[in-house]
Each structure stands twice: as C-alpha cells, then as structure tokens.
Amino acid sequence: MDFNSLLQQAQRLNNEIQHTEELPRVERTISQVLQATKELHTRVTQTGAQDIQAHILLASKGIDLPKISQKLESLNAQKTFEPLDPISETDVQNFLKNEKENTILSVIEEVHKNAFQSAQKRKWEHIKAEWREEKVKLMNALVGPSQNWIDIEKLPEQTVINETFGLRSCLNNIEMAYAREVYDYNVVVIKGAFRPNLVQKFSKVAKNFKDTKVNDIWEIMKYMVDVTPVPRNRDPLQSRIQIKQFVEQAKKYLENRYKLYMSTVISSNLREAQRGGVPSTFNLVSAFVGLTFNKSNCFGLQDVNVDGKPLWPMVYYCLRCGDMQSALRCVLMGESGHEDFIQILEDKINKPEQKINSKLEGQVKLHYCNKIKNSTDPYKKAVYCIIVGCDINDQHLEVAKTTDDFLWIQLSILRNEASENGESLTYSGLQVMILEKYGEKHFNANEQQHLYFQVLALTGQFEAAIEFLARSEKYRPHAVHIALALNEMMLIGGPRNVQEPLLSVDIEDSVPMRRLNMARLIMLYVKKFEMTDPAEALQYYFFLRNLKDPDGRNLFLVCVSDLAIECRNYDLLFGKMMPNGVASGGLLQQFDCVTFDSRTAANIVADELVRKGMFEDAIKLYDLADMQSHSLRYLSLLLSQVVHQSSKKGSLRERLAILATEFSERLRGSRIECEAQIVVTFNLLNELVSFFDYYHERRYQLALEILASTKLVPFSMGELEESLNNFKGLGSEISKAYPYILLATMDILYSQYKMLKGKETGILKSGGDSRLQHLRQQAKALTNMAATIPYRMPGDTNKRLVQTEILMN
C-alpha cells in the first residue's frame, strides 16, 4: 500500500469519527501519537500485571489513577506537623522562616490541646449532669406506694475499733449540743412533768451554731408549729389539711420577713427615704415605694398617686407586709371606681372567718377579666388576683421577683374548696405544684437545700421537707431534730409499718402527702454513734417507745436489745448484780417509768441472746431481770459441757466456775421461785467443779470426799443399787458429765493403787493387801455402774474403765 492510499484512508476515518460521539476526538500529530505510545509502553512494562489490571478497572469507572497518585504524592502530612530541624545561626533567612513555622506549629498544638481538654471537661460535665438527673429520678422513685417493699432484716455487724485511740465519741459539736437538749427533755417526760416545746429549745441551741441558713430553718418551724395543738387520737395529715392556721402562719413568716427586708433597705438609704411620722406599716411601705419607684421606672403604672407614690404598688406592698387595713387606706385615698374591691377588703378585715359574698366576688372577677387582666400595671393585676383568687396560672413575674414573693402570692390566692370552673387554687393543689410539678430540679435543690426545704415546709409538707434535708450530711442533724420536735407535737404522719422506707405514700392519703418513717430516720442517725456513745443513743431510741415492730414488740426495747447484743457492754446498759443481790444501776435504769421497766428489757435481751446461742451473756441478764431460774438453767447447761476440763486462766470454765460460786453464795439461805430439779442439778454441778479442780490438782483424797457426798458413784458393790437409783433422778446436764466422772474416779483409784503397789516396807505390806483389795472392789463397782446405767456412754469409756480395772487385778 502506498502513502497516498494510506493518507486517503486516514482522512476517511477522520471524517467518520467527527460524526460519532462514542469516542473522544484526539488532536495529535503522528509524532505526538508515537511519543505517547512509547510512554504508555514504558509505563506498562514498569508497573506490572497487577497495576495494569488496576488501571484498567479504575479507568472503566472513570477514575484517572495516575493523576490521583500524583496528588497523593504531593501531600506529605507527616512533615507538616513535625518540628523543624535546626539550622545554622548564620542562615538568617531560613532561621526566621523556621521560627515562624515553629510558632505556627506551637499555636496549632496549643489549640489542639485546649480543644481536647475542653471537650473532656464538657464530656464529664454532661455525664455528671446525667447522673444527677438519674439520682433525682431514683430518689423520686423511692417515694412511690410502698405496700410491697421487700423486708431486709437487720443482721448483726461486727465493728472493728482501733484500740490505740479507744472509744472516742463520734458526735460533733452540733450533734452533742442537740443530744444534751434531748436528754433534758426525756428527763422531764419520764418525770411526767409538763413537756417543753422542743422546737423552741432546739431553735435556741441552733443560734449558737452561727449559721444563718440553719437559723432560718428553725425560724420557719417556730412559725409553722404555732398552731392549735393537734389531738393525739387524730391523723396528723388529716388535721393539717383541715387547719387553716398552717397557711396563715406561712404567710405571717413571709410577711414579717419582708418587713424586715424593707426596713433594712430604708435604713441603708435614710436620707433618700425621708421616712417620718408615727412608725407604721403604711409609713414603712410609703418610704420603701418612694425609694423603689421614681419617674423613670413608673412606666405602665395606672391610677392616681398616693402622696406622690403610685397607688397599686402601695396597695401590693401593704398586703405583702400583711397589713390589709393599710391596703384599704391606700385604695380609699385613690379615685373612685373600686367600690366592689373596697367592699371585699372591708369584709375580709371585719369578717375574717366568714366566706366572701360569692356574688360580689364574681363581679370583681368579671371586672378583672374584662379590664384589668390586660392592664399594663402588673401590681394592679397582682392585687386583684390576691384578693379574689383568680387567674391562678399567672406567675406575676414582674412583681414576684424572689421565691418568697412567688410563694406568698400562691398562699394568698388559696381557697378552701375548688370552684366549679376549676379556676381556684387549693392547698393540695399548691402542694402538688411545689413537690411534683416543679420539684427539686426547678428550685436547684442540690445547691440550695435550705431553699427547697423552706418551700416544702411553708406549704405544710413537713415529711418531704425533712426527708430531703436528711439526705445532706451537713443538714442531717437538724432534719432529725426537726422531726423529733414535730413528732412530739403530733405533726408528723407516720407509716402503718415501721419497715416502710424513709418516705412513703399511703394510698388512702390525699395527693401529694407523704409519710415519714420516724423509726428508720432515728435508727439511721443513731447508727453512727451508738457504739461510741450508747448513753446518747438510748436517749434517741426512747422516742420510739410508742411504736411497735411487725411482731408487736416495743420498738424501744427492740433497739435496746440490738444495741446490747452488738456492743455487749451489759454492765454499762443494765448494771451489775452485787454480792448482796442488789443490781447497780445501769444506763437503762433512768428510763424506768410506768411504760418501761429495765428488767423487762434485760429479759428481752436475754431471750434474744439465748436464741443466738450466747448463753453466758444471757445468764447475767436473766439474773438482772430477776429470773434466777433461767440463769441457773443455762449456767448448768454450760457447766455440764466444761466441768471436767482443767481450769485455765481466762477460759470459759474458769468464768463459769466464778459465776457459779457467786450464785451459790448469794443464793445460800434465800429462796427463789424455781423448780427443785434445777436447783439440785446446779448444786451437784457446783460440787463437781470442786471435784474436778481437786482431781486436776492431784489432791485425790479431797476429790473423793466431795464425790462421796454426792452419792453419784458407788464405792462398793453394796452402794451400786443406791447410785443407780440416784442416777435415774439426775438431769441431762449431770448425765452428760457422768462418763468423765467415772473416768476421773477410776484414774484416782488407779493412782492410789500404783502408789500402794510401789511401797515395799513391811508395815505397809501387812495391811496393804486389804487396801489393794478394797481399791479393786471400788474399781469393780465403777465398771458395773457404767455397764448398768441406762445411758449410752460415748466412745471408749467402758473399754478404758475395764482396762484400768484389769490392770489393778
């Protein structure tokens, strides 16, 4: 083929390509095509088969792999944030360049570090916030209906105390100060004298703590308990709902507190206040309003002025101070047009116990809805809402600037009964609003415990307030003593069962009332110091004397029993029995009265000790409880197990032997109401103590003399029948020790036999055979006794007796 035909064919192909869109047009010369072909060939031969396949695969997807590779090679992130290498100081230009880049890198690193720390801080704050919310939810969940709570019995706990420090008191100064007042109060109660007001006593003590928040808490309680005494046969929760005095006392506290605040403000600005005239609420409010309001901040206030002051702020602050008469005076000084409002004020002043005329109240409410509700004067709206109790959903934020203001307004608009249209706020409705609608989160209760306690207490929710305050270790002592004081005044509602949680809901109570478990509160508080300060612990437990546990037992006695068993200091609690049979007074003796007897407490503790198998401790307590028969029974039971042992210093046998001797000396010549068998068994065991003491001391002759007086074992075949009959009348305590008596007696006889057998003098030989024969007869009587008695001897007792007898023949 010549070049002309080749050129024509190439031109034809070129023309055909121009009319198709399947292939891109290539505008290259022959030399360029040749060069590109060579480059492609070189690249293919260098990359290998796998790279070729990768190129083909990616190219089919429209990806230009070489271009991407070039871009990736141009990126070198490793060098970007690495410190630059130092260069010589003579190269100023590169030195400055490096310094600049190093500065930029250090800034980037510092920003990165700060950002990481900030992120970590925010993360942990978020986690803590979530945990706080979960904690609040858990605490709120614990106050649900509690009829199906699981009963977790109190198990004895072993307390380890550092002996190098001794039993140091766990009570701090605040707790000790309260404990002294509790002691003084209990002394008065036990004597049956007139009971003092515990709130007043504790409030006086709290002033010494120099804590204004604590003083405010007690001041609130002084106001709230200043009501008509509640009958002891009525439920405190029902009484609280029906008594209006709780609302009035709460308002009185807030009003007096606000008057004190106004006086403080005026005292700080005496020249500007220009207070004059006779001291009165009206002049106080006038001076305060004059300081608070001027021409610049009276925008929106309506109606004429009173002595140059805006009318409705004057009326509001008079009401805020609790002086309705001064509020009426302000309204009368204003313009006409408020006749119905004035009439209601006069009725409230002159007839406080009577219900306001419903028709008149309806007219004022209608006037409020038509004109005043949309008024620009916030004080006028607040005053109308307070007087007629309307528009309960308006928070009056422009007027109520503090929690005290908000609470006072809510207390002021309360009505005894809900209206038909549901536009009135009842006492229970306010309680639901504070406790359930707003709750702890709204009042930031974790940071302001005293504030949340205040709103709960002033709305008559004493149980919830005390339980909340008791969660804080700082305020727990105050919460416990508030509960004690209110409980003594019958102002605390308790649960049906002392095993309920600290705060519980009874399905029969109105919403949202709670019940406080005083028993659990006191026991949780006392648990901290009952081991180191048992005297103070008993004073607090005495408040539980009127409560019963699920088994019907007196809760005070139950707590005393638990404390005695845990600390085991019975002499301190119950006293000690003296040799003359008179008990020295213990801590519990001070509580002896008509409803309590320390001997009964000792009996209960002794019974519990017996149930736990602590017989040695029970013996002393039964003795203090004047139940010597029980003491002798358990003393005999323990002695029968150790009477055969040798007496070692500090051993159980030594302690029991001393105790048995004391009982014998004290009971000698005196009569006790006890079964004859118990006394006989005890006396026999007491003699056996002496027998085994002499036996272990190898004073055999004295031991045999004591044993012969008891008639327990035969020393001849003729005495066998008598001893057998005596054995049948013995108690189980003696029977348990009988094998050891036989073995000890046989050992004594064998020792005497060996001693005689070893003598070889003629004088002894003349009468020695008869004495040896006598010992053999005594040994034979013992083996016959062991084989005849109706008692199964333990182990190898019979075998040992027979072997010893054989050795003597």
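Residues numbered from 1 in each chain as written. Predicted model: local features only at pLDDT ≥ 70, side-chain atom pairs only at ≥ 80, totals over all residues. Heavy atoms only, no water.

As recorded by an unreviewed UniProt entry, the protein carries the name Nuclear pore protein and is attributed to Glossina morsitans morsitans. Here is the UniProt Subcellular location (unreviewed entry) comment for the protein, exactly as written: "Nucleus, Nuclear pore complex". Checking UniProt for the protein, the heading Sequence similarities (unreviewed entry) contains the comment "Belongs to the nucleoporin interacting component (NIC) family." (UniProt positions renumbered as here; feature names shortened; annotations may be inferred.)

**Q** Would you mind going over the overall build of the protein with me for this structure?
**A** Broken down by element type, the protein carries 37 helices and 4 strands. Across the 809 residues of the protein, 42% fall into the buried class. Sequence separation of 24 or more characterises 61% of the internal contacts of the protein that already satisfy a separation of 6 or more. (Helix = DSSP H or I, 4+ residues; strand = E, 2+ residues; numbered from the N terminus. Buried < 20%, exposed > 50% of the residue type's maximum accessible area, 1.4 Å probe, protein only. Contact = heavy atoms within 4.5 Å.)

**Q** Would you mind showing me how to read the packing of helix 15 (residues 324-333) against helix 16 (residues 339-350) here?
**A** Each pair of packed helices gets described by two things: the angle between the helix axes and the distance between those axes. Contact geometry for helix 15 and helix 16: axes closest at 10 Å, N-to-C directions at 160°. In terms of orientation, helix 15 and helix 16 fall into the roughly antiparallel class. You can see that helix 15 and helix 16 cross each other, and the crossing is left-handed. For the pair helix 15 and helix 16, the contacting residues are M324, Q325, L328, V331 and L332 in the first and F341, I342, L345, E346, K348 and I349 in the second. Per-class residue counts for the contact of helix 15 with helix 16 are 8 nonpolar, 1 polar and 2 charged. (Axes fitted to C-alpha atoms, helices over the stretch in contact; angles between N-to-C directions. Parallel < 35°, antiparallel > 145°, perpendicular 65-115°, else oblique. Left-handed = near helix turned anticlockwise from the far one by under 90°. Nonpolar A, V, L, I, M, F, W, Y, C, P; charged D, E, K, R; others polar.)

**Q** Help me out: how do you make sense of the side chain of D549 in this one?
**A** Tracing the chain through its elements places D549 in the loop between helix 25 (534-541) and helix 26 (555-567). Here the side chain of D549 touches R553 through a polar contact of 2.6 Å, landing on its backbone nitrogen. Excluding anything up to four places from it in sequence, D549 contacts V498, L555 and V558. (Polar contact = N/O pair within 3.5 Å; in protein donor to acceptor, adjacent residues only side chain to side chain.)

**Q** Where do I start with the packing of helix 32 (residues 676-696) against helix 35 (residues 732-757) in this structure?
**A** Contact geometry of helix 32 with helix 35 gives a least axis separation of 11 Å together with a crossing angle of 30°. On the basis of their axis angle, the class for helix 32 and helix 35 is roughly parallel. Crossing of helix 32 over helix 35 shows left-handed handedness. Note on element contacts: helix 35 touches helix 32 through E733, I734, Y740, I741, A744, T745, D747 and I748, opposite T681, L684, L685, L688, F691, F692 and Y695. Residue composition of the contact of helix 32 with helix 35, grouped by class: 11 nonpolar, 2 polar and 2 charged.

**Q** Honestly, the packing of aromatic side chains in this entry has me stumped. Any pointers?
**A** When we look at a pair of aromatic rings, we describe it by the centre distance and by the angle of the planes. A full pass over the atoms with the stated rule returns 37 aromatic pairs. Between Y258 and Y261, the aromatic rings sit 5.4 Å apart at their centres with planes inclined by 50°, giving tilted as the arrangement. Taken together, the positions of Y258 and Y261, both in helix 11 (residues 245-268) and 3 residues apart, correspond to about one turn of that helix. Taking the centre distance of 4.8 Å and the plane angle of 65° together, the rings of F727 and Y738 count as edge-to-face. Of this pair, F727 sits in helix 34 (residues 720-728) while Y738 sits in helix 35, and the two are 11 residues apart along the sequence. Under the relative-accessibility criterion, F727 is labelled buried at 5%. One aromatic cluster in this structure is built from Y258, Y261, F288, F293, Y316, Y317, Y379 and W408. (Phe/Tyr/Trp six-rings, centres within 6.5 Å; stacked < 30°, edge-to-face > 60°.)

**Q** Any chance you could explain the side chain of T797 here in plain terms?
**A** Checked against the element boundaries, T797 lands in helix 37 (residues 797-808). When near neighbours in sequence (up to four residues on either side) are disregarded, T797 contacts P739 and L743.

**Q** Would you take a moment to explain helix 31 (residues 652-667) for this structure?
**A** An α-helical turn contains 3.6 residues, so any two residues separated by three or four positions project in the same direction. Taking 1.5 Å per residue, 16 residues should reach 22 Å; helix 31 reaches 22 Å between its end C-alpha atoms and fits that length. Among the residues of helix 31, R653, E654, L656, A657, L659, A660, F663, S664, R666 and L667 are the ones counted as buried. On the buried face of helix 31, the contacting elements are helix 29 (615-624), helix 30 (628-642) and helix 32. (Expected span 1.5 Å × (residues − 1).)

**Q** What exactly am I supposed to notice about the nonpolar core here?
**A** Generally speaking, soluble globular proteins have nonpolar side chains that are buried together. Of all hydrophobic cores here, the largest spans 217 residues; its most connected members are M221, Y316, Y540, F574 and L688. Examining the composition of this core, we find that 12 residues originate from one element, helix 35, more than from any other. Here this core spans two domains, since at least three of its residues come from each of domain 1 (173-241 + 443-528) and domain 2 (244-415). The contact partners of Y540, leaving out residues within four places of it in the chain, are E175, Y178, A179, V182, H481, L484, I522, Y525, V526 and F529. (Core = buried A, V, L, I, M, F, W, Y, C linked by side-chain atoms within 4.5 Å. Domains from an automatic or database assignment.)

**Q** Would you mind showing me how to read the pattern of salt bridges here?
**A** Two side chains of opposite charge can pair, provided their charged atoms sit close to one another. Under the definition given, this model contains 24 salt bridges. The residue R514 makes a salt bridge to E436 at a minimum N-O spacing of 3.7 Å. One end of the pair, R514, is in the loop between strand 3 (503-504) and strand 4 (515-516); the other, E436, is in helix 20 (residues 427-442), with 78 residues separating them in the sequence. When its relative accessible area of 11% is taken as the criterion, R514 is described as buried. Assessed through its relative accessible area of 42%, E436 is described here as partly exposed. What emerges from the salt-bridge pattern is a single network uniting D216, R257 and D404. (Salt bridge = Lys/Arg side-chain N within 4 Å of Asp/Glu carboxyl O.)

**Q** Even after reading the chapter, I still don't get the environment of N350, so can you show me in this structure?
**A** Of note, N350 is situated in helix 16. Looking at N350, the relative accessible area reads 60%, which means it is exposed. Distance from N350 to Q325, taken between C-alpha atoms, is 9.9 Å for residues 25 residues apart in sequence.

**Q** When you look at a nonpolar patch on the surface in this model, what are you seeing that I'm missing?
**A** A surface patch of nonpolar side chains, amounting to about 280 Å² of accessible area, comprises V92, F95 and L96. Inspection of the secondary structure puts F95 in helix 6 (residues 92-141). Overall, the relative accessible area of 35% leaves F95 in the partly exposed class. (Patch = residues over 30% accessible without salt bridge, like charges linked within 9 Å, V, L, I, M, F, W, Y side chains within 5 Å. Areas by Shrake-Rupley, 256 points an atom, 1.4 Å probe, with all protein chains shown as cover.)

**Q** Can you help me understand the environment of R240 in this one?
**A** Summarising the element assignment, R240 is placed in helix 10 (residues 236-242). Spatially, the C-alpha atom of R240 lies 9.4 Å from that of Q461, the residues being 221 residues apart in sequence. Sequence-distant contacts of R240, that is, excluding residues within four places in its chain, are made with F246, Y427, G460, Q461, F462, E463, L491, I492, G493 and M513.

**Q** Would you explain the confidence of the model for the protein in this entry?
**A** Caution applies to low-pLDDT regions: their predicted coordinates should not be interpreted in detail. Counting all residues, the mean pLDDT for the protein is 82, and 84% of those residues have values of 70 or more. Scored below 50 in pLDDT, residues 77-81 makes 3 contacts in the model with residues more than four places away or belonging to other chains. For residues 143-166, every residue scores under 50 in pLDDT, and the model assigns this stretch 26 contacts once sequence neighbours within four places are set aside. (pLDDT = per-residue confidence, 0-100.)

**Q** Can you help me understand the state of the cysteines in this one?
**A** Simply put, disulfide is the name for a covalent bond between the sulfur atoms of two cysteines. This model, assessed by the stated rule, comprises 0 disulfides. Free cysteine C385: the closest other cysteine sulfur is in C390, separated by 4.2 Å. Residue classification places C385 among the buried residues on the basis of a relative accessible area of 1%. (Disulfide = S-S within 2.5 Å.)

**Q** Looking at this structure, I do not really get helix 15. What am I missing?
**A** Within the span of helix 15, buried status applies to S326, A327, L328, C330 and V331. At the N-terminal end of helix 15, a side-chain oxygen is found 3.2 Å from the backbone nitrogen of Q325, two or three residues along, and the residue is D323.

**Q** Even after reading the chapter, I still don't get unusual backbone geometry, so can you show me in this structure?
**A** Backbone phi values are negative for most residues with the exception of glycine, while trans is the configuration of most peptide bonds. Note the cis peptide between V511 and P512, where omega equals 0°. Structurally, P512 can be placed in the loop between strand 3 and strand 4. The phi angle at M490 is positive, at roughly 60°, despite the residue not being glycine. Relative to the elements of secondary structure, M490 occurs in the loop between helix 23 (476-488) and strand 3.

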